[in-house]
Amino acid sequence: MYKFIHVLLVVAAFFLSSCSSNLAKYRVTDNYTSVMSPAQSMSELDRQSRDTKPHLIYSYPKNRGTSGANFVNLDPIKYKILNYINSVRAKGNACGASAPPLAWNAKLEDAAIAHAQDMSSKNFLGHIGSGSNTDLAKKALGVGSNFYERIIYFGYPIKPQEVAGEIITYTKYRVVGSEMPYKNFTHAVDNFLHSPKHCAILMNPRFHDVAVASYKDNEKMYWVIEFAEVTY
């Protein structure tokens, strides 16, 4: 079976203080999962940030990247995609018991679209944005955004003790075929289920919301799946 390369999983807890500049000290959290379990990551963030005050940031950029020949319009299959994710969660598997269904979130979708476009246009695969003009949530030119910065940039409310996650990959046309977004998506998810870390985030019962986005090039489709927990 086709195996993905350079596929990373990042899970972080968010403890935000009173202004967006304070996000800088959380930029290292993407490295936690390389040496810690997600639970340990959350515990460490809690230890470092338990005294900070939450601050919700809402931003509504005019251009999230939904244009150009390489944009994959998932609107016709959006709820088919959501139902597939929820069917996987409902069944349960080796990495987790059955989990509650997720709801599609437009702000997470904006963040996913922006990062998928960034990866496609700059031909890379990674959780850190390119830091270029296509990395909308960058802190400065040459300083790429982290996934939680993108979620915040597009207005998703994050509060202390809540978690979010991102899964990225690409599917190759020579393996799955071209012009078949849904087949490419299910192929990606089915492969994630064979990876304990990716499976764990797909099955995480704490998540409430999800969104998926895709951009393509001549050989592959880039996929971004954003997950988040929020209580209102």
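Computed from a predicted model, the values in this text were never measured in an experiment.

So, on to unusual backbone geometry. Here Asn123, not a glycine, exhibits a phi torsion of approximately 55 degrees, which is positive. Its place among the elements puts Asn123 in the loop between helix 4 (106–122) and helix 5 (147–153). We classify Asn123 as exposed; its relative accessible area is 53%.

Attention now goes to the packing of helix 3 (residues 78–91) against helix 7 (residues 181–192). Helix 7 packs onto helix 3 with a crossing angle of 20 degrees between their chain directions and a minimal axis gap of 11 Å. Judged on the interaxial angle alone, helix 7 and helix 3 are roughly parallel. Considering only the axes of helix 3 and helix 7, their crossing is right-handed. Here Lys80, Ile81, Tyr84, Ile85 and Val88 of helix 3 come into contact with helix 7, specifically with Tyr182, Phe185, Thr186, Val189 and Asp190. Its residues assigned to classes, the contact of helix 3 with helix 7 shows 7 nonpolar, 1 polar and 2 charged.

Time to look at the packing of aromatic side chains. Considering all chains together, one arrives at 8 aromatic pairs under this definition. Judged by centre distance (5.4 Å) and plane angle (55 degrees), the rings of Phe71 and Tyr215 are tilted. In this pair, Phe71 sits in the loop between helix 2 (38–49) and helix 3 while Tyr215 sits in strand 4 (residues 209–216), placing the two residues 144 residues apart along the sequence. An aromatic cluster is present here, built from Tyr84, Tyr182, Phe185 and Trp223 joined pairwise through their rings. It is Lys80 that lies over the ring of Tyr182; its NZ or CZ is 4.3 Å from the centre.

Of note, Asn93 is situated in the loop between helix 3 and strand 2 (103–104). C-alpha separation for the pair Asn93 and Met203, spaced 110 residues apart in sequence, amounts to 8.6 Å. Those residues in contact with Asn93 that lie beyond four places of it in its chain are Val88, Leu193, Cys199 and Met203. Of the polar contacts made by the side chain of Asn93, one reaches the backbone nitrogen of Cys95; its length is 3.0 Å.

Calculation notes
Note on numbering: residues in each chain are counted from 1, in written sequence order. pLDDT decides what is reported in this predicted model: residues at 70 or higher carry local features, side-chain atom pairs at 80 or more are listed and counted, and totals for whole chains, interfaces and linings draw on all residues regardless. As a convention, hydrogens and water are excluded, and side-chain values are obtained from all of the structure's heavy atoms. Helix and strand definitions here come from DSSP, where helices need a minimum of 4 consecutive H or I residues and strands a minimum of 2 consecutive E residues; each element is numbered from the N-terminal end. The buried label applies to any residue whose accessible area, calculated with a 1.4 Å probe on protein chains only, is under 20% of its type's maximum; exposed applies above 50%, and partly exposed to all values in between. To obtain each axis, a line is fitted to C-alpha atoms, and for helices this fit is confined to the stretch in contact; angles are then taken between N-to-C directions over 0 to 180 degrees. Should an angle fall under 35 degrees it is called roughly parallel, over 145 degrees roughly antiparallel, and 65 to 115 degrees roughly perpendicular, with every other angle called oblique. Handedness of a helix crossing follows the sense of rotation of the near helix relative to the far helix, less than a right angle counterclockwise being left-handed and clockwise being right-handed. A contact between two residues is defined here by any heavy atoms of the two lying within 4.5 Å. Asp, Glu, Lys and Arg are counted as charged, while Ala, Val, Leu, Ile, Met, Phe, Trp, Tyr, Cys and Pro are counted as nonpolar; the rest, among them Gly, fall into the polar class. Here the aromatic set is Phe, Tyr and Trp, taking the six-membered ring for Trp, and pairing holds for ring centres within 6.5 Å; pairs whose planes are under 30 degrees apart are stacked, those over 60 apart are edge-to-face, and all others are tilted. By definition here, charges over rings are those cases where NZ of Lys or CZ of Arg is within 6 Å of the ring centre and within 35 degrees of the ring normal. Polar contacts, as counted here, are pairs of nitrogen or oxygen atoms within 3.5 Å of one another; within protein the pair requires one atom able to donate a hydrogen and one able to accept it, and residues that are adjacent in sequence qualify only if both atoms are side-chain atoms.

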